[in-house]
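# Topology and contacts: notes
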Amino acid sequence: MQFITHAGLSARQFDLSIGASNGYTLRMRKNNASIGSDVIENIVKIYPQLNLVWLITGEGEMLKTEEELILDFDDLPRSEQIEIEQLIELKIKERQEEELQRLLKEVAAEIEKRGGQK
């Protein structure tokens, strides 16, 4: 739950992201139950920034250091590295497009404001 809150997710969003049934995380918390190794494996695959020791024991830092993340990336098969790089490029492009749209709206509003002042 600590990581879910940190990531800004709802329990449902987290459950869906790791391929668990709806309500899985909240049931595990309510029953103070252990999660299965298959679920842990999915969590680590989907959220590689999570420190596995912390996830299992609750000890240490919740997130891996930047150095640990870089080492993990370099250890991935090249096909996965390419996929990650493509996803990053796509996210950057999406953010650039969103920023451009925001700037265009600001400029249009400024032009409209100046036109009304004449």
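Residues numbered from 1 in each chain as written. Predicted model: local features only at pLDDT ≥ 70, side-chain atom pairs only at ≥ 80, totals over all residues. Heavy atoms only, no water.

## Some remarks on the nonpolar core
- Counting 13 residues, the largest nonpolar core has F3, F14, I18, I43, Y47 and L50 as its most contacted members.
- Sorting the residues of this core by element identifies α1 (2-7), α3 (24-30) and α4 (37-46) as the ones contributing at least two each.
- Setting aside residues no more than four positions away along its own chain, F14 makes contact with F3, I4, L9, T25, I43 and Y47. (Core = buried A, V, L, I, M, F, W, Y, C linked by side-chain atoms within 4.5 Å. Buried < 20%, exposed > 50% of the residue type's maximum accessible area, 1.4 Å probe, protein only. Helix = DSSP H or I, 4+ residues; strand = E, 2+ residues; numbered from the N terminus. Contact = heavy atoms within 4.5 Å.)

## A short note on the pattern of salt bridges
- One pass over the full model with this rule turns up 6 salt bridges.
- Here E41 makes a salt bridge to K45, at a shortest N to O gap of 3.3 Å. Taken together, the residues span about one helical turn, with E41 and K45 both in helix α4 at a distance of 4 residues.
- E41 gets classed as partly exposed once you look at its relative accessible area, which sits at 43%. (Salt bridge = Lys/Arg side-chain N within 4 Å of Asp/Glu carboxyl O.)

## Quick notes on the packing of aromatic side chains
- Inspection of every chain in the model, using the stated rule, returns 3 aromatic pairs.
- Relative to F14, the ring of F3 has its centre 6.5 Å away and its plane inclined at 70°; by these criteria the two rings are edge-to-face. In this pair, F3 is assigned in helix α1 and F14 in helix α2 (residues 11-17), connecting sequence segments 11 residues apart.
- Exposure remark for F3: the relative accessible area of 5% places this residue in the buried category.
- The class of F14 is buried, set by a relative accessible area of 6%.
- For the pair F14 and Y47, a centre-to-centre distance of 5.5 Å together with 20° between the ring planes defines the contact as stacked. With F14 in helix α2 and Y47 in the loop between α4 and α5 (52-57), this pair connects stretches of sequence that are 33 residues apart.
- Three or more aromatic residues joined by ring pairs make a cluster, and in this case those are F3, F14 and Y47. (Phe/Tyr/Trp six-rings, centres within 6.5 Å; stacked < 30°, edge-to-face > 60°.)

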